[in-house]
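# Report on the structure
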Amino acid sequence: MTVKIFETPEVQDFLKTVSGFEQAGGNERAKQIMHRLLSDLYRLIDDFDVTPEEYWSTVSLLNSLGGQTQFGLLSPGLGFDHYLDMRQDAIDAEAKRNGGTPRTIEGPLYVAGAPEAEGFARMDDGQDTSGETMWLTGQVRDVDGNPIPGAQVEIWHADSKGNYSFFDPSQSDYNLRRTIYTDSEGRYTARSIIPSGYGVPEGAPTDQVLKALGRHGERPAHIHFFISAPGHQHLTTQINLAGDPYTFDDFAFATREELVVEGKRIEDSAEIAKRELEGPFT
Ligand code: MBD
Ligand code: FE
């Protein structure tokens, strides 16, 4: 039995009441957005003949997502984070703010307050013995190519098992999270360990949603960056390590061609020793 009631005046009036249109006070934008959101969902229930059982199992899923603070994890999986970036790209293009490293999503795993350093930092606490040493170096430049000394470079990434400190209780606080200020040439260097890709926890509510869509919850190995300097637009971005099976199959849609980087393997023991001794160098 299918019934269609959405277009009836009763339902349309009911939506206005629920959205607070008949009340003074509250927030006008909240009312408008809620009215639109509820209208779209009421219409969906009508169009798809959503049953009470389906509705209540959705409520239960939302409760478990919230209870495990996983909406921030499902969000990139549903493409919202990338969609917001696409809008920001369009806003920049409209304002003729062109050039520079492309932005990509922040993701849900940033933690503020990482240890700070000038020019060079070691990022790992030495506990991840299966991690391979990684040297990471770069230069912050403005869109005309001029180096920016003193730029703030926040870097965070997963360990060799794909886990992040604070979310993985086995790691020390701020492991693989550092803030480095660029040197007089705009350069920064970090000694860390090569991260592995991240996978959404098996069986978690986010995983359940992705499974229902026939999708996986894997991300390629990646390293997050926030770059900021006075007088410049803040940049949120990541690099992806080339050669990962998920580089172009990221559940969070964060890979961009220009952000895929090829690592260079250092085998020469003299070169390795020199790096270990000197630390900060490019
Ligand atoms: C991550 O490490 C991440 O960067 C994103 C976007 C989602 C889940 C885990
Ligand atoms: Fe990440």
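Residues numbered from 1 in each chain as written. Chains lettered and ligands numbered in written order. Predicted model: local features only at pLDDT ≥ 70, side-chain atom pairs only at ≥ 80, totals over all residues. Heavy atoms only, no water.

### Focus: the environment of Pro149
When you line up the elements, Pro149 lands in the loop between β3 (133-139) and β4 (152-157). In this structure Pro149 comes out as partly exposed when scored by relative accessible area, which is 47%. (Helix = DSSP H or I, 4+ residues; strand = E, 2+ residues; numbered from the N terminus. Buried < 20%, exposed > 50% of the residue type's maximum accessible area, 1.4 Å probe, protein only.)

### Describing the packing of helix α1 (residues 9-18) against helix α2 (residues 28-47)
It is at 9 Å that the axes of α1 and α2 come closest, and there the two elements cross at 140°. With respect to their mutual orientation, α1 and α2 come out oblique. The way α1 lies across α2 gives a crossing that is right-handed. Taken together, the residues of α2 that come into contact with α1 (itself represented by Val11, Phe14, Leu15, Lys16 and Val18) are His35, Leu38, Ser39 and Tyr42. Among the residues making up the contact of α1 with α2, the classes are represented as 6 nonpolar, 2 polar and 1 charged. (Axes fitted to C-alpha atoms, helices over the stretch in contact; angles between N-to-C directions. Parallel < 35°, antiparallel > 145°, perpendicular 65-115°, else oblique. Left-handed = near helix turned anticlockwise from the far one by under 90°. Contact = heavy atoms within 4.5 Å. Nonpolar A, V, L, I, M, F, W, Y, C, P; charged D, E, K, R; others polar.)

### A word on the packing of helix α3 (residues 52-67) against helix α6 (residues 205-212)
Between α3 and α6, whose axes approach to 8 Å, the crossing angle comes to 135°. What the angle tells us is that α3 and α6 run oblique. Residues Leu61, Ser64 and Leu65 of α3 lie in contact with α6, whose contacting residues are Pro205, Thr206, Gln208 and Val209. Counted by class, the contact of α3 with α6 contains 4 nonpolar, 3 polar and no charged residues.

### A short note on the coordination of the iron ion (ligand 2)
In the first shell of the iron ion (ligand 2), the protein supplies Tyr164 (OH), His222 (NE2) and His224 (NE2), at 2.0 to 2.1 Å from the metal. All donor residues of the iron ion (ligand 2) come from one chain, and their arrangement in sequence is Y-x57-H-x1-H. The same class applies to His222 and to His224, which are both buried. (Donors = N, O, S within 2.8 Å, 3.2 Å for Na, K, Ca; no water.)

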